[in-house]
Amino acid sequence: SISSCHPDVLAGLRAPAAMDISFDGLGEASGRVEVVAGATVQIKVQLRGIRRSLHAGNEVGCELHWACLGEDGGWQAPPMQPSGSRSVDPVASRIECKFDAVLAFPKDQAPQTLVFVVLVHSNGEHWLKAPGGQDFVVRIEELAQLAPPAPAVLAGGAA
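Scoring rules and cut-offs
Residues numbered from 1 in each chain as written. Predicted model: local features only at pLDDT ≥ 70, side-chain atom pairs only at ≥ 80, totals over all residues. Heavy atoms only, no water. Helix = DSSP H or I, 4+ residues; strand = E, 2+ residues; numbered from the N terminus. Buried < 20%, exposed > 50% of the residue type's maximum accessible area, 1.4 Å probe, protein only. Polar contact = N/O pair within 3.5 Å; in protein donor to acceptor, adjacent residues only side chain to side chain. Contact = heavy atoms within 4.5 Å. Core = buried A, V, L, I, M, F, W, Y, C linked by side-chain atoms within 4.5 Å. Pairing = 2+ DSSP bridges. Axes fitted to C-alpha atoms, helices over the stretch in contact; angles between N-to-C directions. Phe/Tyr/Trp six-rings, centres within 6.5 Å; stacked < 30°, edge-to-face > 60°.

So, the side chain of His65
By the element assignment, His65 lies in strand 4 (residues 61-69). Overall, His65 belongs to the buried group, its relative accessible area being 10%. Within the structure, His65 has its side chain in polar contact with the side chain of Arg94 (distance 2.8 Å). Not counting the four nearest positions on each side in its chain, His65 is found in contact with Trp75, Val88, Ala92, Ser93, Arg94, Val115, Phe116, Val117 and Trp127.

So this is what it looks like as structure tokens:
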């Protein structure tokens, strides 16, 4: 059901929070996923060392191939496409991610769980996955709840 992609429980989340990622069979490659929640929910993905690990030259294209993760464990289309992202089939989307990418959603349309793999274009296509050949799974709600409280905003103004 699409409701698993944008639950109301995201309303009170704090941020930032992050998780480190590593790739199956690519020891030098790594990444980090950061969730920042506020009026919008931003999922920031940073990738490092992929070109070096694949012994690829400078002509490398890299995309996140992503979707929402449904309650049944299957990929689901997001309720809306973030800026820079595009649908590539009935459920999956892609966004360019040579070094990093940001998927930003209105709070009420943010996915609860995001799933992705990395598609590298260099002498053909290379699909990069998590250890064990699994998709990367980012439990946005859980990750944001682990974040420290956001700094308090001081009320300003003239007396």
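What to know about the nonpolar core
With 35 residues, the main nonpolar core has Phe23, Ile43, Leu47, Leu64, Phe116 and Val118 as its most contacted residues. Secondary-structure elements contributing two or more residues to this core are strand 1 (17-23), strand 2 (26-37), strand 3 (40-48), strand 4, strand 8 (100-106), strand 9 (113-121), strand 11 (136-139) and helix 2 (140-145). In terms of residues, this core owes the most to one element, strand 2, which gives five residues. Those residues within four positions of Phe116 in sequence are excluded, and the remaining contacts are Ile21, Val33, Val45, Leu64, His65, Trp66, Trp75, Asp135, Phe136 and Val138.

Describing the sheet that holds strand 3
An order of 1-2-3-8 is seen for the four strands of this open sheet, with the pairing classed as antiparallel. Edge positions in the open sheet fall to strand 1 and strand 8, since each of these has one partner strand only. Strand-to-strand twist of the sheet, defined as the mean angle between neighbouring strand axes without regard to direction, takes the value 15 degrees. Direction of pairing for strand 3 relative to strand 8: antiparallel, over a ladder of seven bridges. Residue pairing for strand 8: Ile43 is matched across the bridge by Leu103.

Overview of the pairing of strand 1
Relative to strand 2, strand 1 runs antiparallel, the two being bridged by seven bridges. For Phe23, the partnering residue across the bridge sits in strand 2 and is Leu26. Where strand 1 folds back onto strand 2 in an antiparallel hairpin, the turn is made up of two residues, including Gly25, whose phi is positive at roughly 80 degrees.

Topic: the environment of Val120
Tracing the backbone through its elements, the reader meets Val120 in strand 9. Residue Val120 is classed as buried on the basis of its relative accessible area, which comes to 0%. Residues Val120 and Cys62, 58 residues apart in the sequence, show an inter-C-alpha distance of 4.4 Å. Contacts of Val120, omitting those with residues within four sequence positions, involve Ile50, Leu54, Val60, Gly61, Cys62, Glu125, His126 and Leu128.

Observations regarding the packing of aromatic side chains
Per the counting criterion, the structure on display carries three aromatic pairs. Pairing Phe23 with Phe136 gives two aromatic rings, centres 5.3 Å apart and planes at 75 degrees, and the pair type is edge-to-face. Here Phe23 is found in strand 1, whereas its partner Phe136 is found in strand 11, with 113 residues between them in sequence. No difference in accessibility class separates Phe23 from Phe136, as the two residues are buried. Measuring from ring centre to ring centre gives 4.9 Å for Phe116 and Phe136, while their planes differ by 20 degrees; the resulting arrangement is stacked. You can see Phe116 sitting in strand 9 and its partner Phe136 sitting in strand 11, a full 20 residues away along the chain. Across the pair, exposure class does not vary: Phe116 and Phe136 are buried alike.

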